[in-house]
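Residues per chain, in single letters:
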Amino acid sequence: MVTRTVDLRSDTVTKPTEAMRAAMASAEVDDDVLKYDPTALRLETEMAKIMGKEAALFVPSGTMGNLISVLVHCEIRGSEVILGDNSHIHIYENGGIATIGGVHPRTVRNNGDGTMDLDLIEAAIRDPRGEIVFPTTRLICLENSHANCGGRCLSVEYTDRVGDLAKKHGLKLHIDGARIFNASVALGVPVDRLVQAADSVSVCLSKGLGAPVGSVIVGSRAFINKARRLRKTLGGGMRQVGILCAAALVAIQENIVKLEGDHENAKFLADGLNKIKGLQVESHLIETNIIFVDIKDSTITGEKLSKILEEHGILVLPESSSRIRIVLHHQISATDTQYTLSCFQVIKTKTLTNVVCLFKLYFSIFELVHS
Ligand SMILES: Cc1ncc(COP(=O)(O)O)c(C=O)c1O
Ligand SMILES: C[C@@H](O)[C@H](N)C(=O)O
């Protein structure tokens, strides 16, 4: 019987803390569509200040934050956005920019570190002389940190150079900043400096910051005014949203400082997993809270490994038949991380047939020692 759960599926799985629940219960609220919810206004003011932008807008999800941002920048029919072929916007958002927004995606290969080569970005920009046949490039999107590239961080120098390229061609720059605070902490660069070159950023409150719901878009006042209207069009205008924003304000106060610990836990776990025969982790490349574990042992698949781990309370997501993903967050302790590593070690040192009884033995000893 599992008495301990170590949930490493994602940093989206965190549960609101007692402080967040208390703040939600006592939140001052009003109608946010009418722009009267005081707690939403407080969060938006706070986030605009932190991110160094003129204004901010609370939205229900990161997907909607990216969708609204792209659609505002590309509001003219026939627009095209340049984005990474391994980016969240391109892969995990149901193609919303095209299916809902009519914006044409033009992908550029993501390098392993989450960047796109500047010369390839520039080559992807449509030549205005071909406007009779070409879509019109209006936007470049970056993702920082980059989820599918293992949480790698885009440097401020690289971001500034993409910003300069965008300006040179009269384009806008949007950053999918679902984990921008992870990048800021890992790089040691203040978050407002890291996104200085961007015209808009979508910041997830519900990832490493640990809020139960929501994201915030930041940008110019004119941009946010358009974003607010589009949010309503998409059904994202909510009424007493201060209940959610109150939790987000607690998350900002309490959890940014914990991100470094998440990264340390990720590094510890990655180093340990990489020492296990049959597993391969590029532990030297771990910068934030995401770990991809490649399985080199053909006797076990990603699905099988995640199933065995799940039977003992460790939740991970299989990425493919030979890869699993592990994501650290503030509700995973160093002890949880050590326990997780031990379980992997037990699985990999024994054949699968007798691992279950070993696990039970190990599990009860672990509980005894740690109770
Ligand atoms: C990099 C990135 N961008 C955007 C999103 C979308 O956020 P949400 O799940 O809140 O729609 C995610 C998902 O968690 C993400 O990992
Ligand atoms: C799966 C993906 O959409 C989500 N953003 C995550 O990282 O868990």
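Below: a short report on this structure. Please read these numbers as outputs of a predicted model, since none were measured by experiment.

A short note on the overall build of the protein chain
Each helix and strand counted, the protein chain has 15 helices and 13 strands in total. Reported as C-alpha extents along the three principal axes, the dimensions of the protein chain are approximately 65 × 50 × 35 Å. Going through the 371 residues of the protein chain one by one, you find that 55% of them count as buried. Nonlocal contacts in the protein chain, meaning residues at least 24 apart in sequence, comprise 73% of its contacts between residues at least 6 apart. When the accessible surface of the protein chain is split by element, carbon and sulfur atoms take 53% of a total near 16,300 Å².

Quick look at the packing of helix 2 (residues 38–51) against helix 11 (residues 242–255)
Working note: a packed helix pair is described by the angle between its axes plus the distance between those axes. In the contact formed by helix 2 and helix 11, the axes pass within 8 Å of each other and the chain directions differ by 35°. Here helix 2 runs over helix 11; the crossing is left-handed. On the side of helix 2, the interface is formed by Thr39, Ala40, Arg42, Leu43, Glu46, Met47 and Ile50, while helix 11 contributes Gly242, Cys245, Ala246, Ala248, Leu249 and Ile252. In terms of residue class, the contact of helix 2 with helix 11 is built from nine nonpolar, two polar and two charged.

Describing the site of ligand 1
Around ligand 1, the structure places 13 residues, and the nearest of them are Gly62, Thr63, Asp176, Arg179 and Lys207. Note that a nitrogen atom of ligand 1 is positioned 2.7 Å from one of the side-chain N or O atoms of Asp176. Relative to its free-state accessible area of 380 Å², ligand 1 is covered by the protein chains to the extent of 83%. More than half of the atoms belonging to ligand 1 lie within 2 Å of the grid points that define the largest pocket. If you tally residues by element for the shell around ligand 1, the top one is helix 3 (residues 62–73), at three residues. Of the residues contributing to the shell around ligand 1, the split by class is two nonpolar, six polar and five charged.

Some remarks on the environment of Thr288
Along the chain, Thr288 falls in the loop between strand 9 (279–280) and strand 10 (290–295). Not counting chain neighbours up to four residues away, the residues in contact with Thr288 comprise Ser145, Gly150, Gly151, Cys153, Asn182, Ala183, Ala186, Asp262, His263 and Ala266. At a separation of 2.6 Å, a polar atom in the side chain of Thr288 contacts the main-chain carbonyl oxygen of Gly151.

Cut-offs applied
- Numbering of residues begins from 1 in every chain and follows the order in which that chain's sequence is written.
- Chains and ligands are labelled by the order in which they are written, letters from A for the one and numbers from 1 for the other.
- Residue-level local features of this predicted model are given only where pLDDT is at least 70; pairs of side-chain atoms are given and counted only at 80 or more, and the full residue set underlies all totals for whole chains, interfaces and linings.
- Just so you know, side-chain values use all the structure's heavy atoms and leave hydrogens and water out.
- For helices the rule is a DSSP run of H or I covering at least 4 residues; for strands it is a run of E covering at least 2, with both sets numbered from the N terminus onward.
- Relative accessibility under 20% of the residue-type maximum defines a buried residue, over 50% an exposed one, and the middle range a partly exposed one, all with a 1.4 Å probe and only protein chains included.
- Residue contacts are counted whenever heavy atoms from the two residues lie within 4.5 Å of one another.
- Surface accessibility in these figures is a Shrake-Rupley result with a 1.4 Å probe; residues are shielded only by whichever protein chains are displayed.
- Interaxial angle, 0 to 180 degrees, is taken between N-to-C directions of lines fitted to C-alpha atoms, where a helix line uses only the stretch in contact.
- If you view the pair so one helix is near and one far, a crossing is left-handed when the near helix is turned anticlockwise from the far one by less than a right angle, and right-handed when it is turned clockwise.
- All amino acids are sorted into three groups, where Ala, Val, Leu, Ile, Met, Phe, Trp, Tyr, Cys and Pro are nonpolar, Asp, Glu, Lys and Arg are charged, and the leftover types, Gly among them, are polar.
- If a single non-hydrogen atom of a residue is within 4 Å of a molecule or strand, that residue counts as near it.
- The term polar contact refers here to a pair of N or O atoms within 3.5 Å; inside protein, the definition further demands a hydrogen-donor-capable atom paired with an acceptor-capable atom, and it admits residues adjacent in sequence only when both atoms are side-chain atoms.
- Only protein atoms enter the 1 Å grid, on which a cavity is a set of points fitting a 1.4 Å probe that cannot get out and a pocket is an open set with protein on both sides within 12 Å along at least 5 of 7 lines, lining residues being those with an atom within 4 Å of a point.
- Think of it this way: if more than half of a molecule's atoms are within 2 Å of a pocket's grid points, that molecule is in the pocket or cavity.

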